Amino acid sequence: MTDTQARDPQPPSTELSQPIAREPRGVAQARSLFDRAILRQAIIEAFKKFDPRVQIKNPVMFVVLIGTVVSLIEAIVHPGLFAWSITAWLFGTVVFANFAEAMAEGRGKAQADTLRKMRAETEARRLDPQGTEERVPASSLTKGDLVVCEAGDLIPSDGDIIEGIASVDESAITGESAPVIRESGGDRSAVTGGTKVLSDRIVVKITAERGNTFIDRMISLVEGASRQKTPNEIALTILLAVLTIVFLPVVVVLEPFGHYAGAGVSVVVLVALLVCLIPTTIGALLSAIGIAGMDRLVQRNVLAMSGRAVEAAGDVQTLLLDKTGTITLGNRMASAFYPVGGHSEEELAAAAQLSSLADETPEGRSIVVLAKERFNIRERDLGPDHTFVPFTAQTRMSGLDVDHRQIRKGAAEAVKRWVAEQGGTPPSELDAIVERVARAGSTPLAVAEGGDVLGVVELKDVVKQGIRERFDAMRQMGIRTVMITGDNPLTAAAIAEEAGVDDYLAEATPEAKMALIRSEQEGGKLVAMTGDGTNDAPALAQADVGVAMNTGTTAAKEAGNMVDLDSNPTKLIDIVEIGKQLLITRGALTTFSISNDVAKYFAIIPALFVTTYPQLHALNIMRLHSPQSAVLSAVIFNALVIIALIPLALRGVRFKAASSSAILRRNVLIYGIGGLITPFIFIKAIDLILVALHWY
Amino acid sequence: MGFFWTIVALVVVLGLSWRYLGSYLAAVFDGRVHFLGPIERGIYRVVGVDPDREQSWQRYAASLVVFSAISIALTYLIFRIQGSLPLNPQHLGAVPPALSFNTASSFVTNTNWQNYAGETTMSYFSQIAALTTQQFVTPAVGIAVAIALVRGFSRHGASTIGNFWVDITRCLLYVLIPIAFCFGIIFVAQGGVQTLAGPVTIHDHLNGVSQTIPRGPIAFMEAIKQLGTNGGGFLNANSAAPFENPTGLTNFLSIYLVLVLPFSLTYTFGKMVNSVRHGAALLAAMVIIFGCWVGYTSYAEHQGNPAVAAAGVHQSTGNTEGKEVRFGDTSSALFGVASTSTSTGSADASYDSFTPIGGMGLMSGMMLGEVTPGGDGSGLYTILVFAIVAVFIGGLMIGRTPEFLGKKIQAREIKLAGLASLVMPLTVLVLTAIAVSLHAGRAGPLNAGPHGFSEILYALTSQGNNNGSAFGGLSGNTAFYNIVGAIDMLVGRFAIIIPALALGGALAQKQPVPASVGTFRTDTPMFVGLTIGVILIIGGLTFFPAVSLGPIVEQLSHHRFF
Amino acid sequence: MLILLRRSVVFAVVMMAGTLVYAFIGTGVAQLFFKNQANGSITANGSTLIGQNWKSPAFFHGRPDDAGPYATNLAKHIPGGDNPLVANGVPGASGGTNLGPRSKVLLDNTKALVAYWHAMGVNPTPDLVTTSASGYDPDISPADATAEIPMVAKATGIAPATLASLINKETHGPELGFLGASYIDVLQLNEALVALEHR
């Protein structure tokens, strides 16, 4: 696991209550890096990949393969321990490269197998237009079909609920055991094939074509089957090809140069030199890095629909974050009582608690708890003569009628109106208190009994712990965070201040959100956002990285280029970090690979010509035993370094949010300077071992 | 001590020029300089150019290539018919075809490789109308390409990168001609020859010998020869000849002229992209590498000549073989590094007789692709190519898809930058391999063993980088070297110019990404270091094996490196 | 394309015409203001900027050339020696020997030159046993001239101290005090030497 694991203690915002904290865990469970089964499979795959049609896709390794063949021919024609050793290690180099890729793919494949199990053939109860049911295999469903699912049924394919409400077990795709509620209409109507209905009956309209369901796409994504090279990967491949093409003549011309000097140059040594010089390390690990990057996302329960999106995530300059669930805990909590009109605080607390007894919302419960904590007012059993007044959009109040007492709590305006209707007059200080509470970013809740306002309960939006540090880190990386909220500007500003975001969009409408994305993009910035509702779809599509919540609508999921199975908006920050880590790993290994060349030169060049020009021994600064042991040591190092770096490629280099220059300095130091020095040490060590083994 | 003050003086005059000439150059190419307006407009009218109409990179490149081809043809023609042309006091006949082709290619590519001795081959007309003309035009072309590439960075969403004809006309009228003319006067005042009268024969009454001394319109050619990073001298001995470079002062001014435009153009770049810091970053990369070459070449030349030591003569004045008394060892080394690191290739000493390490210092400047600071314009556009590669690797290492001055570096840019940085080493190494493999090539070197190899390698490196300096021992005036050299020079020039222009075109179209703290900073010491790293890796790693068979082996033959 | 061709030809011709004008105006200015320099700094006995071969030990000698009396390679032993038009045995071309520092030929030549100077009674300095880049270096360093004093003193009978002070008088410092090296123009030195003898 990397150190960028989600540090978010907050459960995802699904409808049902959730356990408080848990590790992100999904289909893609974190596996041990060298899982035995994957290892075995990868070794087999490594040999299967010798198919030239596979090899040619990687120009660097293709050159190594050709070199191996040339060396093999030479070893057959002029047999000798040296020629065969070199050939064997060159062959090993190709195997190791294949192995690295197979390892990365293997991890994905193992995940895909888990997914495939639940795609096992299910039966669907299709409704024909007359409304009669027929049982058909799920695989025969097409877009637009209607199917019925009842408790215990597997939902046969992706679709939207058009009728009914049900609790659904989505653990198959999210790894989350708690069931979620799905209902027709609104933003919670999408269901995924392979998930199980636990209660009730729903009618689902199929939205996916055959073979293109969410699970199908997921399988091909994690397997790497639909993996296409991303733009940056293509650019890097070109650069590596250029470096390979440059070194080709550098090595080939040594034959005539040596001839001019009167030195016979062995073909095997030339091939060895070529393989050592071209960037085999990064060439071998490049695709593994890409696959592993996707894999890391999957481990976080995020499905990227394209590798391009992962790369874009690294470049994101503006993050649009929903306030609720991402920045704040999502539920407002009562934090203070402000009595008015000469009432005591306790009086207010008691009335507020009473009115909230039947209020099962988190806010209501928090009032009960606060009253108990502050004044030790216990929950009372109400007599039979009471009526709860539920909250409605019209009254914007809730309350309780008991023993001729009428208690109401709600928005200040609504309560004032109600008090006026009751013939009372709201006290003059009420407005000031309401204003002050709102300015602090909290929600004021007025409490009144009959014609008398008792006071105001402050409902505070609780900013998540640690989020401020997270945003500071983002800022260091040059990422602007923008909080999106439906709150009024006053409240929004206070929370933005507390959470430490750079900007906020208050009273946000989907249109405002869209406009904000457009204006950021016009300045050339890349924007990432999360969304779940159908009305978020255009913005998700417009954003460079649009992360749809799995609980969201099909439209939202279609529009975004990633889906978060946990539906946890904080994940966006992780996604950005994973994107950066992917790019850094590529850059670091490229630098490392090229820096290694210096040591290899000092091993091989003196070895090549020392018989003709004995003075070149001065360049043998590692004091390697003999020309042959020098060349062999360099080749062995070159091959082994691939194996040694597989874990790094799969895990990604360590990434800590910091300023760009700090990151650069660190990586240049480790992979540039380190890459310069490391091979000197290891080539010498291998040489010593070869000598000790009497190989030479 | 004298050398120390020479360096101090050079730093001061170049520093001032960097700031003010650099800024002036930006004004010239932004069209804000008009003092020769009537002449400028006259040229546009005669040539039929609408100065307000800009060109796409393809049209820009097409104009450049066709114009260069015509220039080669006309130059060739003049050489072939010089016997029937005026200004030929020595009655020199036509230049042979292969040599004419080599020389025409050489001067049109700003190389100025000379397989001939000027005073006995070229008429005054050829020297002026063919050679000096190209010495004016080719630096203008190089600078125009650099400016076009810089416009790629400074423009947003644009489809054009300037007008080739306008750019070179302005460069000539407002930069090259005025500066060259002023320095021409100084050169004459110091003793440079400038006459259209032919050679003079003098009888020395003291000594009793007669001398026939060649003369010609030398001094004013000398000024543009250096300013334009051309390097092709009127006389065979080039800047070692007292008529070209009479005093220590002219030697210093030559070094200044050679370096001034390539260095100043980095300021121009900074100014045009609205970030002088970026220009300073490129300057720093150039100066650091250049400083290293100057340091170790001067040190090596100060060590004396092994042959003289072996003959039992005590040396306290450094390696004097092939050096002029009035310049001395270290100033000659400085001149040599300035000349070979700028694609100039003029010589005030015999480079072939430099110590092996000193000679390698000269070669290194070229092998790194002539970017420290490189030729007029060519230095800037080539180092920008390297910078793009550096940005790509560096950008990845901070976790961003790379961008340079707000322009995203993607597959297309890397492809073009790769192509441009690939061409030179590829051409030079392959042609050197051909030369050492064929009898015709092996016949060239004067010296035996590794030094002979160095002579061939030097020749093809010099031509591939459009430098033009030589280890003079190589007999280059053969059909083989004339033709191979011409190919080397043409490829080395145009196969980099065209991708550079395409880069300009590709970048100009892009909309910039705004910088943030997370952006990879391309104006910091760290970036300077990365750029140097890329230059050293592409140049160093590609040429290390070849160099180890030439100068390194030669130097190590007495079992120590210095 | 045709327009482009026409434009290129016209532009190239305009450039040539422009360069001719540049060279003519330059020549005019040079001949008007710096006539002596522009014509080659000619004195009665040669150019002060072109070295020549001084045969007699009664004169200070310049630096050796690959040709001429110091030449060790007899094939290049061309009468006239330092005449630039026959320098290096290649008629007409100026230039150095281009011998590399590890060259066997260079070592042999240097040894022969050392022997030559020793025969003349001179303990040579490096300048006197190495050839210049132009092949006709007009200058020697004060140290070189001092080394030649025994030879000149013996041939002319002038006291070494007088010669030393003559050398001192003829020494040009570096330009502006720091550019280049101190040097003595051999032609001027010998003209001064003759003047001294005739006094």
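(A) Structural detail: the interface of chain C and chain B. Contacts between the two partners involve 97 residues from chain C and, on the opposite side, 111 residues from chain B. Counting the surface lost from both chain C and chain B, the interface buries some 7,900 Å², and carbon and sulfur atoms represent 68% of this. Applying the counting criterion to the chain C and chain B interface returns 0 salt bridges. Across the chain C-chain B interface, the total number found is 28 residue pairs in polar contact (both at pLDDT 80 or more). Every element with two or more residues in the side of chain C that touches chain B is listed here: helix H1 (2-33), helix H2 (35-38), strand E1 (42-43), strand E2 (46-47), helix H3 (104-119), helix H4 (126-129), strand E3 (139-140) and helix H7 (186-198) of chain C. Of the residues forming the side of chain C that touches chain B, the biggest block, 24 residues, is contributed by H1 of chain C.

(B) View of the sheet that holds strand E5 (residues 183-185) of chain C. Residue and element names in this part refer to chain C. The 3 strands lie next to each other as E3-E5-E4, forming an open sheet whose pairing is antiparallel. Among the strands making up the open sheet, the edge pair consists of E3 and strand E4 (171-172). Where E4 meets E5, 2 bridges bridge the pair, whose relative direction is antiparallel. The partner of His-172 across the bridge, within E5, is Tyr-183.

(C) Inspection of the side chain of Asp-523 of chain B at higher detail. Residue and element names in this part refer to chain B. Within the secondary structure layout, Asp-523 lies in the loop between helix H18 (479-509) and helix H19 (525-556). On the accessibility criterion, Asp-523 (11% relative accessible area) is buried. Setting aside residues up to four positions removed in sequence, Asp-523 forms contacts with Ser-275, Arg-277, His-278 and Ala-281.

(D) Highlighting the pattern of salt bridges. Considering all chains together, one arrives at 43 salt bridges over all chains under this definition. We note a salt bridge from Arg-32 of chain B to Asp-30 of chain B, for which the minimum N-O separation is 3.1 Å. Asp-108 of chain C is the salt-bridge partner of Lys-104 of chain C, the closest N and O atoms lying 3.2 Å from each other. Of this pair, Lys-104 of chain C and Asp-108 of chain C both sit in helix H3, 4 residues apart, roughly one helical turn. Beyond isolated ion pairs, a larger network of salt bridges with shared partners links Arg-125, Glu-133, Glu-150, Asp-153 and Arg-201 of chain A.

(E) Layout of H3 of chain C. Taking 1.5 Å as the rise per residue, H3 of chain C with 16 residues should run 22 Å; its terminal C-alpha atoms sit 23 Å apart, in good agreement. Every buried residue of H3 of chain C is listed here: Leu-106, Leu-107, Asn-109, Thr-110, Leu-113, Val-114 and Trp-117 of chain C. Summarising the axial view, the buried residues of H3 of chain C lie within an arc of 165 degrees, below the 170-degree limit, and thus occupy one face. Away from the buried face of H3 of chain C by more than 90 degrees, exposed residues Lys-104 and Ala-119 of chain C are located. Against helix H11 (306-310) of chain B together with H4 and helix H5 (142-156) of chain C lie the buried residues of H3 of chain C. At the N-terminal boundary of H3 of chain C, the capping side chain belongs to Ser-103 of chain C, with an oxygen 3.2 Å from the backbone nitrogen of Val-105 of chain C. Positioned one or two residues after H3 of chain C, Gly-121 of chain C has a phi angle of 80 degrees, which is positive.

Conventions adopted
- Residues numbered from 1 in each chain as written.
- Chains lettered and ligands numbered in written order.
- Predicted model: local features only at pLDDT ≥ 70, side-chain atom pairs only at ≥ 80, totals over all residues.
- Heavy atoms only, no water.
- Contact = heavy atoms within 4.5 Å.
- Buried area = accessible area lost by both parts, 1.4 Å probe.
- Salt bridge = Lys/Arg side-chain N within 4 Å of Asp/Glu carboxyl O.
- Polar contact = N/O pair within 3.5 Å; in protein donor to acceptor, adjacent residues only side chain to side chain.
- Helix = DSSP H or I, 4+ residues; strand = E, 2+ residues; numbered from the N terminus.
- Pairing = 2+ DSSP bridges.
- Buried < 20%, exposed > 50% of the residue type's maximum accessible area, 1.4 Å probe, protein only.
- Expected span 1.5 Å × (residues − 1).
- Arc of directions from axis to C-beta.

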